[in-house]
Amino acid sequence: MVSINYSSREVCCKIVYYGPGLSGKTTNLQYIHSKVPQTTRGNLISLATEADRTLYFDFLPINIGNINGLAAKFQLYTVPGQVYYNATRKLVLRGVDGLVFVADSQPDKMAENIESLTNLEENLREYGYNIDELPMVIQYNKRDLPGIMTVEELEARLNPRGWPYFEASATIGNGVFDTLKLIIKIVLDKAKSSSGSRPRPAAIAQPVASQPTTAPQATPVAATQPSSGDSAPSSVAVSAPPAAASKPQETPEQYRPFPGSHAEEHHERKPSAAGFTPAATVDSSSAPIERNAIQSAGTGNGEDEDTSRPVMAPSLKRRGSYKKRGFFKRLFGIK
Amino acid sequence: MSDDNLIIYEEEINQIESLISKMLKGCEAKCALLVDKDGHLTTRQGFTHSLDTTALAALMAGSFASTKEIARLVGETEFSVLFHQGKKDHIHMSLVGERSILVVIFDDRTTIGMVRLYAKETAIELAKVFDKIKKDSESGPKPGISTDFATMAQDKLDDIFQD
């Protein structure tokens with residue numbers, strides 16, 4: 001769920017690094033943390049065991065700065081890879097916007113890669129997400145080790161859906177930034193296309209920077225029907241090649257150039273996300289709203305004070321009146 | 001990707017912030033954060049300058065999520081209030097509506113009872129605001145990020161992420 005805060009002018013995206021244990025997810029984040037300027041990144045938080053194995057998650061916030069009037073923030077998470085941490089692994093996936101699957105290129109780790117990928121699909125399904133709808137990049141890690149599988153073999157076993165992939169050696173940093181840049185690009189493209197799939201007044205389609213911060217609720221609602229599944233498939237239309245494409249890429253040739261045509265192909269291959277609605281979408285309107293204890297007590301008792309305004313130290317007279325109405329019972333939650 | 005994008009406008013965030021600052025004055029806590037269950041910081045009030053609020057938000061959302069799982073295992077739906085007691089500072093977390101967590105950090109100048117009372121009251125008011133946001137976003141137009149946002153982000157990324 002891309003969070004957009006028009007008041008603080010922020011766009012916030014959550015990217016999760018998934019994969020089997022010891023495949024290099026934390027190393028990816030550590031490399032990014034070590035190379036990115038301090039002004040761009042926050043602290044790397046690791047909830048790890050004493051043996052430096054991820055217990056819950058690693059977290060690295062990145063702020064790439066002001067783009068078109070909005071600050072673009074990315075929260076990078078890793079999951080614990082070990083099989084028995086599935087409960088916590090699943091929790092990290094909540095609200096994910098993009099996924100990087102870090103696969104281990106060693107032949108004896110293939111079974112773990114497949115198991116982790118299956119587990120990812122299951123965990124996403126439990127949240128009501130579809131793995132085919134989510135932006136995803138595969139990273140074949142540990143390419144610097146001897147005796148590793150070829151990319152063709154890895155592709156055949158792990159990537160039947162044709163996700164974009166990169167070869168990487170996270171310890172020395174090869175492919176780490178390429179992976180991150182591509183997943184960010186796909187996430188932003190997707191956020192744009194999913195918002196564009198809804199019927200809305202043309203005025204809203206203007207660049208955000210040109211809009212005042214006032215609430216656009218004032219805009220007359222042209223069409224109020226919810227996002228219908230039969231929206232035009234063109235909602236996933238591929239954007240024009242970014243201007244940066246002309247920039248010479250210093251990536252070695254074995255890596256897919258970024259931003260390359262692969263991402264665009266990837267988008268075309270994917271089914272339209274227009275009709276996608278997560279089954280687990282919560283409906284906050286169904287939550288019962290209790291009456292405010294203080295307000296309900298204050299209502300109808302003739303006092304002219306605004307009881308909805310909290311008062312730290314009520315006068316003695318007021319204390320007395322509170323006491324009569326069971327103030328201390330409410331204070332300590334006694335029923 | 002979830003489709004229920006959270007879009008908060010200035011009018012609503014002002015409303016949220018005034019509710020939280022009213023609560024802070026009332027219960028004399030140090031600061032308060034409003035955190036999305038996904039780990040995004042919605043807003044903050046009070047003395048938060050010395051705090052890494054981004055990391056705090058992610059960790060608190062994680063803490064709440066793990067507690068929810070614990071609740072499920074013992075047969076509860078959710079624990080709606082969490083309290084961490086320290087030597088000097090304490091943290092009170094309570095659920096707001098379905099998707100947010102109100103975090104209040106306080107010290108010995110006030111009491112847990114006061115914080116709990118005011119947090120409960122504020123959570124109810126905040127839930128109403130979030131309800132309104134949800135209704136507006138369902139019925140109204142949905143502005144997203146502009147079309148060239150991704151392209152412009154691209155150039156920045158190339159500058160920042162250099163090996």
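Our structure's up above, just so we're on the same page.
Draft legend 1. The arrangement of the overall build of chain B in detail. The number of helices and strands found in chain B is 4 helices and 6 strands. Reading chain B from its N end, one meets helices and strands in the order β-α-β-β-α-β-β-β-α-α. By residue count, 60% of the 163 residues in chain B fall in the buried class. For chain B, contacts bridging at least 24 residues in sequence account for 50% of all contacts bridging at least 6. As presented, chain B carries roughly 6800 Å² of accessible surface, and 52% of it is formed by carbon and sulfur atoms.

Draft legend 2. Local environment of the nonpolar core. Of all hydrophobic cores here, the largest spans 42 residues; its most connected members are Tyr17, Ile32, Ile64, Phe74, Leu76 and Leu180 of chain A together with Phe161 of chain B. When residues of this core are traced back to their parent elements, those giving at least two are strand 2 (10–18), helix 1 (25–35), strand 4 (54–67), strand 5 (70–78), strand 6 (98–104) and helix 5 (176–196) of chain A together with helix 4 (149–160) of chain B. When residues of this core are assigned to their parent elements, the largest contribution, 10 residues, is made by helix 5 of chain A. With residues up to four places along the chain from it excluded, the contact list for Leu180 of chain A reads Tyr17, Ile32, Ile62 and Leu76 of chain A together with Phe161 of chain B.

Draft legend 3. Representation of the sheet that holds strand 5 (residues 90–96) of chain B in the model. All names here are of chain B. The sheet built from 5 strands is open, its strands ordered 3-2-6-5-4 with antiparallel pairing. Pairing within the sheet leaves two strands with one partner each, and these edge strands are strand 3 (41–46) and strand 4 (81–85). When strand polarity is set aside, the average angle formed by the axes of neighbouring strands in this sheet is 15°. Of the strands in this sheet, strand 2 (31–36), strand 4, strand 5 and strand 6 (100–106) touch helix 3 (residues 112–139), which is tilted by about 30° from strand 5.

Draft legend 4. Highlighting the pairing of strand 5 of chain A. Residues and elements named next belong to chain A. Across the 9 residues that make up strand 5, a large majority, 8, are buried. Of the strand pairs in this sheet, strand 2 and strand 5 are connected by 8 bridges, and their pairing is parallel. Counted as the bridge partner of Cys13 is Phe74 from strand 5. In this sheet, strand 5 lies alongside strand 4 in antiparallel orientation, the contact comprising 9 bridges. Looking across to strand 5, one finds that Ile67 is bridged to Leu70.

Draft legend 5. Looking closely at unusual backbone geometry. Unusually for a residue other than glycine, Lys142 of chain A sits at a positive phi of about 65°. Assignment of secondary structure puts Lys142 of chain A in the loop between strand 7 (136–141) and helix 4 (151–158). One non-glycine residue, Glu28 of chain B, adopts positive backbone phi at about 55°. Relative to the helices and strands, Glu28 of chain B resides in the loop between helix 1 (10–27) and strand 2. Overall, Glu28 of chain B belongs to the partly exposed group, its relative accessible area being 37%.

Draft legend 6. Local environment of the packing of helix 1 of chain B against helix 3 of chain B. Residues and elements named next belong to chain B. Close contact between helix 1 and helix 3 brings their axes to 9 Å; oriented N to C, the two are set at 175°. It follows from the interaxial angle that helix 1 and helix 3 lie roughly antiparallel. Note on element contacts: helix 3 touches helix 1 through Met114, Val115, Tyr118, Ala119, Thr122, Glu125, Leu126, Val129, Phe130, Lys132, Ile133 and Asp136, opposite Glu11, Glu12, Gln15, Ile16, Leu19, Ile20, Met23, Gly26 and Cys27. When the residues that make up the contact of helix 1 with helix 3 are grouped by side-chain class, the tally is 13 nonpolar, 3 polar and 5 charged.

Draft legend 7. How the structure looks around the environment of Ile148 of chain A. All names here are of chain A. Looking at the element boundaries, Ile148 is found in the loop between strand 7 and helix 4. It is 9.0 Å that separates the C-alpha atoms of Ile148 and Asp104, two residues lying 44 residues apart in sequence. Ile148 has contacts with Ser105, Gln106, Pro107, Lys142 and Arg143, leaving out every residue within four places of it along the chain.

Conventions used here
- Residues numbered from 1 in each chain as written.
- Chains lettered and ligands numbered in written order.
- Predicted model: local features only at pLDDT ≥ 70, side-chain atom pairs only at ≥ 80, totals over all residues.
- Heavy atoms only, no water.
- Helix = DSSP H or I, 4+ residues; strand = E, 2+ residues; numbered from the N terminus.
- Buried < 20%, exposed > 50% of the residue type's maximum accessible area, 1.4 Å probe, protein only.
- Contact = heavy atoms within 4.5 Å.
- Areas by Shrake-Rupley, 256 points an atom, 1.4 Å probe, with all protein chains shown as cover.
- Core = buried A, V, L, I, M, F, W, Y, C linked by side-chain atoms within 4.5 Å.
- Pairing = 2+ DSSP bridges.
- Axes fitted to C-alpha atoms, helices over the stretch in contact; angles between N-to-C directions.
- Parallel < 35°, antiparallel > 145°, perpendicular 65-115°, else oblique.
- Nonpolar A, V, L, I, M, F, W, Y, C, P; charged D, E, K, R; others polar.

Coordinates in, geometry out; function isn't part of it.
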